[in-house]
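Commentary on secondary and tertiary structure
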Amino acid sequence: MIMNNTKKTTGKVSGIIANLVIVRADGPVAQNEICYINRDGIDLMAEVIKIIGNQAYTQVFESTRGLRIGSPVVFEGHLLEATLGPGILSSVYDGLMHDLHEMTGVFLKPGEYTRALDPEKIWDFKPLAKVGDQVLAADWLGEVMENSIPHRIMVPFVFEGKYTVKSIVAAGSYKINDTIAILTDSNGKDFPVTMVQYWPVKKAIKAYKDKPRPFKLFQTGVRTMDTLNPMAEGGTGFIPGPFGSGKTVLQHALSRQAEADVVIVAACGERANEVVELFVEFPELEDPKTGRKLIERTTIIANTSNMPVAAREASVYTAMTIAEYYRSMGLKILLLADSTSRWAQALREMSNRMEELPGPDAFPMDLPAIISNFYSRAGYVYLNNNQTGSITFIGTVSPAGGNLKEPVTESTKKVARAFYALSQQRADSKRYPAIDPIDSYSKYLEYPEVQESLRTSISDDWVDKVMLVKNIMIRGREASEQINILGDDSVPLDYHLAFWKSEVIDAIILQQDAFDKIDFNTPIVRQKYMLDKVIDIYETDFEFDSFEEVNPFFKRIINQLKQMNYSEFQSEQFKRFENELYKIIEERKVKK
Amino acid sequence: MSPVAFQKIYTHITNITKATCSLKASGIGNEELAVVHGRLAQVVKIMDDEVTLQVFGGTEGIPSNAEVIFYNRPPTLKVSDDLAGRFFNAYGHPIDGGPEVEGEERPIGGPSVNPVRRRQPSELIATGIAGIDLNNTLVTGQKIPFFADPDQPFNQVMAMVALRAEADKIILAGMGLTNDDYLYYKNVFENAGALDRIISFVNTTEDPPVERLLVPDMALTAAEYFAVDKNEKVLVLLTDMTLYADALSIVSNRMDQIPSKDSMPGSLYSDLAKIYEKAVQFPSGGSITIIAVTTLSGGDITHAIPDNTGYITEGQLFLRRDTDIGKVIVDPFRSLSRLKQLVIGTKTREDHPQVMNTAVRLYADAANAKTKLENGFDLTDYDQRTLDFAKEYSEYLLAIDVNIDINKMLDTGWQLFARHFNKAEVGIKQELVDKYWPEK
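Residues numbered from 1 in each chain as written. Chains lettered and ligands numbered in written order. Predicted model: local features only at pLDDT ≥ 70, side-chain atom pairs only at ≥ 80, totals over all residues. Heavy atoms only, no water.

**Here we look at the overall build of chain A**
Formally: Strands here are runs of E lasting at least two residues and helices are runs of H or I lasting at least four, both read from the DSSP assignment and numbered beginning at the N terminus. Computation of the radius of gyration draws on C-alpha atoms, with the globule rule given as 2.2 Å multiplied by the number of residues to the power 0.38. Note on exposure labels: buried denotes an accessible area under 20% of the residue type's maximum, exposed denotes more than 50%, and partly exposed covers the range between, all computed with a 1.4 Å probe on protein chains only. Between two residues, a contact is recorded if the distance between any of their heavy atoms is within 4.5 Å. The charge count includes Lys and Arg as positive and Asp and Glu as negative, but it does not include His or the ends of the chains. Charge positions are represented by NZ for Lys, CZ for Arg, CG for Asp and CD for Glu.
In terms of regular secondary structure, chain A is built from 14 helices and 27 strands. The C-alpha radius of gyration of chain A comes to 27 Å, within 12% of the 25 Å expected for a compact globule of 592 residues. Projected onto its principal axes, the C-alpha positions of chain A cover 90 × 55 × 45 Å. Counting across all 592 residues of chain A, residues that qualify as buried make up 60%. Within chain A, counting contacts between residues at least 6 apart in sequence, those at least 24 apart form 70% of the total. Of the side chains in chain A, 68 bear a positive and 79 a negative charge, and the two mean positions are spaced by 2 Å.

**Let's talk about the packing of aromatic side chains**
To keep things clear, this is the line we draw: For Phe, Tyr and Trp, rings pair up if their centres lie within 6.5 Å, where Trp contributes its six-membered ring, and each pair is then called stacked (planes under 30 degrees apart), edge-to-face (over 60) or tilted (otherwise). Two thresholds decide whether a charge sits over a ring: the Lys NZ or Arg CZ must be within 6 Å of the ring centre and within 35 degrees of the ring normal.
In total, this model carries 48 aromatic pairs over all chains according to the counting rule given. Here the aromatic rings of B:Tyr10 and B:Phe70 are separated by 5.6 Å at their centres, their planes lie at 85 degrees, and the arrangement is edge-to-face. Residue B:Tyr10 is found in strand S1 (residues 9–10), and its partner B:Phe70 is found in strand S7 (residues 68–70); the two are separated by 60 residues along the sequence. In this structure B:Tyr10 comes out as buried when scored by relative accessible area, which is 11%. Looking at B:Phe70, the relative accessible area reads 5%, which means it is buried. On the numbers, 5.9 Å between centres and 55 degrees between planes, the contact of B:Tyr382 with B:Phe421 is tilted. With B:Tyr382 in helix H9 (residues 381–398) and B:Phe421 in the loop between helix H10 (406–420) and helix H11 (423–426), the pair connects residues that are 39 residues apart, well separated along the chain. Given the relative accessible area of 8%, B:Tyr382 is considered buried. Joined through ring pairs, the aromatic side chains of B:Phe333, B:Tyr363, B:Tyr382, B:Phe389, B:Tyr393, B:Trp414, B:Phe417, B:Phe421, B:Tyr436 and B:Trp437 make up one cluster. When the ring centre of B:Tyr269 is taken as reference, the NZ or CZ atom of A:Arg342 above it lies at 3.8 Å. Above the plane of the ring of A:Phe419 lies A:Lys413, whose end atom (NZ or CZ) is 4.6 Å from the centre.

**Description of the domain arrangement of chain A**
Think of interface size as the accessible area that goes away when the parts come together; that is how it is often given. Heads up, the condition is: As used throughout, domain bounds are those supplied by an automatic or database domain assignment.
Domains assigned within chain A are domain 1 (10–79), domain 2 (118–200), domain 3 (217–442) and domain 4 (462–588). Using C-alpha coordinates to define each centre, domain 1 of chain A is positioned 62 Å away from domain 4 of chain A.

**Thoughts on the nonpolar core**
Most often, soluble globular proteins keep nonpolar side chains buried together rather than apart. Going by this rule: Here, nonpolar core refers to any group of buried Ala, Val, Leu, Ile, Met, Phe, Trp, Tyr and Cys residues whose side-chain atoms link them within 4.5 Å.
Formed by 87 residues in total, the largest nonpolar core has its most connected members in A:Leu141 and A:Tyr326. By residue number, the principal contributor to this core is helix H4 (residues 309–327) of chain A, which donates 11 residues. What A:Tyr326 contacts, discounting residues up to four positions off in sequence, is A:Gly85, A:Ile88, A:Leu89, A:Glu146, A:His151, A:Val262, A:Leu331 and A:Ile333. In this structure, A:Ile300, A:Val450, A:Phe577 and B:Val116 belong to the second largest nonpolar core, which totals 80 residues.

**What to know about the sheet that holds strand S12 (residues 149–154) of chain A**
All names here are of chain A. Convention followed: A pair of strands is treated as paired once DSSP finds two or more bridges between them. What counts as an axis is a line fitted to C-alpha atoms, over the stretch in contact for a helix, and the angles between N-to-C directions run from 0 to 180 degrees.
As summarised here, the arrangement of the 4 strands in space is S12-S11-S9-S14, forming an open sheet in which the pairing is antiparallel. Edge strands, defined here as strands with exactly one partner in the open sheet, are S12 and strand S14 (172–174). Neighbour to neighbour, the strand axes of the sheet diverge by 40 degrees on average, direction disregarded. In this structure, strand S11 (residues 140–146) lies alongside S12, joined through 6 bridges in antiparallel fashion. Considered in S12, the bridge of Glu146 is made with Ile149.

**Description of the interface of chain B and chain A**
Threshold: We count a salt bridge whenever a side-chain nitrogen from Lys or Arg sits within 4 Å of a carboxyl oxygen from Asp or Glu. The definition of a polar contact used here is a pair of N or O atoms within 3.5 Å, where within protein one atom must be able to donate a hydrogen and the other to accept one, and adjacent residues in sequence count solely through side-chain atom pairs. Each residue receives one of three labels: charged for Asp, Glu, Lys and Arg, nonpolar for Ala, Val, Leu, Ile, Met, Phe, Trp, Tyr, Cys and Pro, and polar for the others, Gly being one of them.
Residue-level contacts link 81 residues of chain B with 77 residues of chain A. There are 5 salt bridges connecting chain B and chain A. Where chain B meets chain A, there are 38 residue pairs in polar contact (both at pLDDT 80 or more). Among the residues making up the side of chain B that touches chain A, the classes are represented as 32 nonpolar, 27 polar and 22 charged. Alignment of strand S1 (residues 10–17) of chain A against strand S5 (residues 39–47) of chain B, held across 3 bridges, turns out to be antiparallel. By the bridge assignment for S5(B), A:Gly15 is matched with B:Met47.

**So, the pairing of strand S3 (residues 20–24) of chain B**
Residues and elements named next belong to chain B. Burial analysis of S3 places 4 of its 5 residues in the buried class, which makes it a mostly covered element. Note that strand S2 (residues 13–16) and S3 share 3 bridges and pair antiparallel. Counterpart to Ile16 in the pairing with S3 is Cys21. In this structure, S3 lies alongside strand S6 (residues 50–55), joined through 5 bridges in antiparallel fashion. Across the sheet, Ser22 pairs through a bridge with Thr52, a residue of S6.

**Describing the environment of A:Arg348**
Relative to the assigned elements, A:Arg348 resides in helix H5 (residues 340–353). Residues A:Arg348 and A:Leu367, 19 residues apart in the sequence, show an inter-C-alpha distance of 9.0 Å. Dropping the residues within four chain positions of it, A:Arg348 is found in contact with A:Asp361, A:Ala362, A:Phe363, A:Pro364, B:Ser260 and B:Gly266.

**What to know about the environment of B:Ala66**
Residue and element names in this part refer to chain B. Structurally, Ala66 is set in the loop between S6 and S7. Taking the C-alpha atoms as reference points, Ala66 and Asp262, separated by 196 residues in sequence, lie 36 Å from one another. In contact with Ala66, other than residues within four places in its own chain, are Tyr10, Thr11, Ile13 and His37.

**What about the pairing of strand S16 (residues 233–239) of chain B?**
Residues and elements named next belong to chain B. Counting buried residues in S16 gives 6 out of 7 residues, a clear majority hidden from the surface. Relative to S16, strand S14 (residues 169–177) is paired through 6 bridges, and the arrangement is parallel. By the bridge assignment, Leu172 is partnered in S16 with Leu237.

**What about the pattern of salt bridges?**
Counted according to the given criterion, the structure contains 64 salt bridges over all chains. The salt bridge partner of A:Arg223 is A:Asp519, with a shortest N-O separation of 2.9 Å. Note that A:Arg223 is positioned in helix H1 (residues 223–228) and A:Asp519 in the loop between helix H11 (493–510) and helix H12 (524–539), a separation of 296 residues in sequence. The exposure classification of A:Arg223 matches that of A:Asp519, with both residues buried. The salt bridge involving B:Lys230 is made with B:Asp81; its shortest N-O contact spans 3.7 Å. Taken together, the residues B:Lys230 in the loop between helix H4 (215–229) and S16 and B:Asp81 in the loop between strand S8 (76–79) and strand S9 (87–88) connect sequence positions 149 residues apart.

Following this line, the structure appears as structure tokens:
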């Protein structure tokens, strides 16, 4: 991977169609190589996407307004790379990993490329390896504390084969570009190592020993996910939904609450104001686990919808590469991408300009392959030193017209193991989060190793209870359909009971108020407590004289349970509502 | 916009299509403006020495030996305070008989705001319409369209919102506006004595459709001048964005691009986002808020234009005629303002979120009851009460002729709850019920 061409290839612009620029090159050019096109003194970054003869077709990551034929171009000899080192956390980058905070002015200026890491910042380095150690790529040489997270300084991923640590610096203060170790390869050649390394974003970092199937619960605090369709640590999931169904609110909830060491948010082609929400809230909100501010564990890749389209495609890869870097340190990463459809659209725009034969809905033919390749970079891994790390990846999909039979949704469905279908109907009736309990699934619930872990960490009968609840929901829906077809008074009373019992679960477990300071995040202990509560109600026999009594009775039950959800767990207030609840249940309970 | 001296004049056009023409020329910049046979055109493609120009007014009657003069700059607008109170066409030329505006010449369609320099929108825009203020509260820096069928009174509602919104400047971007609607806006603004706050860029149905593509960028360049240079609160009205998107599809079609869904160009999402994302709250206090109209065909929101719009904008507003009360209401089910969470319950009274949600939920119950009634089933007592509630909710809160402040809307909400339901049925947080439930 280490290219050391001394002389860079140059070229001249020979064609311009929007952000597709054709360059006549005077030397060798690599597919996906980065080049800079000079427009009146400003260098615009571009990526080679096709080569025909000496013509390189490049996609420019900027507006090409004012660009002229004959403008000089310099090819860089490397692919699009992420800069990896301490200082990534709390930063906000554009899709190409330029620090947005470092840019001057209110408006983005084409060609204003800021560095990803601060070269002047002093870090307290502590060595972990000793002279004489045999090391491989991604092995830990030392660490610095980045916010509250131990940031491991690793053997660069591009190093192939075994190396011996020839020297390593003593504990002390260093800058990222200082040499902290010298490694010797099998031929006796020395390589100095600093705290920064570079990696081409489109290539997966595979410097780990083993990648097992995900086997344990990844807690999110969102009841309808954790309880009904759990995410596994190192798993993949996706959230498709029409606009207005609450995708972004849900993703924000995950980024706030999920039990991860590091959260990477790729805001890919979405609304800028939504990203601003993260900037404003995360420096204020606390991570419930560590008590530190959320921003300290978060990195945001902001390539919003009005930023250059080509960089949008790069942004998800940049985010994934950063996630892989932190995973190699033995950390638990949550990667969120909102929205992968915008990324696919960026591919479509380019494919269209290159006049490629289109696939379904004018998307490029290899879209399914690109998507599955990307999702496969997530996962739980055992590192070479037997430590573990994971990337849990959840992407949103914005299906055109809310129709799930479109190429991006279908391609994603083939690879992602958890599917959180947002339903327009639930959103319309303000049942948030609008995850449909019946259409959604988590394949992880079927993994024996996941079931085992749920049994040991929550309770022996947990999986059975979850299955029971899913059944109750299906029966409730059937009953409600029958009632709608036949009328309230033409169906047996049991139908009303089946429907209302499912409504209790819907209101208390599935629905959750993301904006309430208590209800927004439910730890698994509390989820278990409330699930037991609603299952008790489900298993209780009630007496009614007519169907007209069913609705008001269950409305009261739901009201009490809801008040419990809004109260501090096991507080005075919580118990008061719980006692009220028992009294109401007693009113109609069949006495044995 | 007269050509400057010393410019090379080309007279040999090699290719002419309905919307474009090509010629051999050198030293030309991408997206540069030119005049072809007296008509404004813009560079859309350059291959070696062959330059393709998109002619805004269409190519009818252009001869192959027409004069072509390049301007050496992209489309621009001259900005200054003198823009206020004026009416312009898509090129920024006055159409009100007044003189050309003098000022600093700025390229239109300029760069985006750095997301980290944006401020979180936090200032409520009160309209007095409860269907908006109560259920779908608007905030400065927001972008939101009306999704409306062509026969709905969206222009009237938009004019009303604009005048009540207390903006420093209102910029009207009319695309494919009928002459009648153009005169309507002019009249309403004039009668309200607000003309000095209004700037209009208008492409009417009488003008060539491709010219429309310039209108939003012109309007937003003017908006950025007032919001950034003058720290003003600017409200931009875009009507009708469907006609704008139609113009995009005409151009892409004539440039032989492969269409994606509904014959729209594959870049529709990015094209629309570039416009809507100009809505912003600046750190210096100025802001640009965009209220747009996207007309639907037969209420179909799955069509590519409303669909892509919905993914870009921060919510959408639907109008509907409620036959029970015989008035137009803001539909509480399908309308949504995503930014309302930033102000409701904090900038407004604490009970706002729950009153809003509860009322909509009860209204949904009423809709179910109505379905039952239509299917010939008996109604329960609760069903009947939801129907009574729904009618009053429509009449006193949802109708667009309501004009009250937000506290009054919330009080009205509680009164309606108490009149038709008991406390358990509304299911609101106990402490709020204790505080606001009206005792008889």
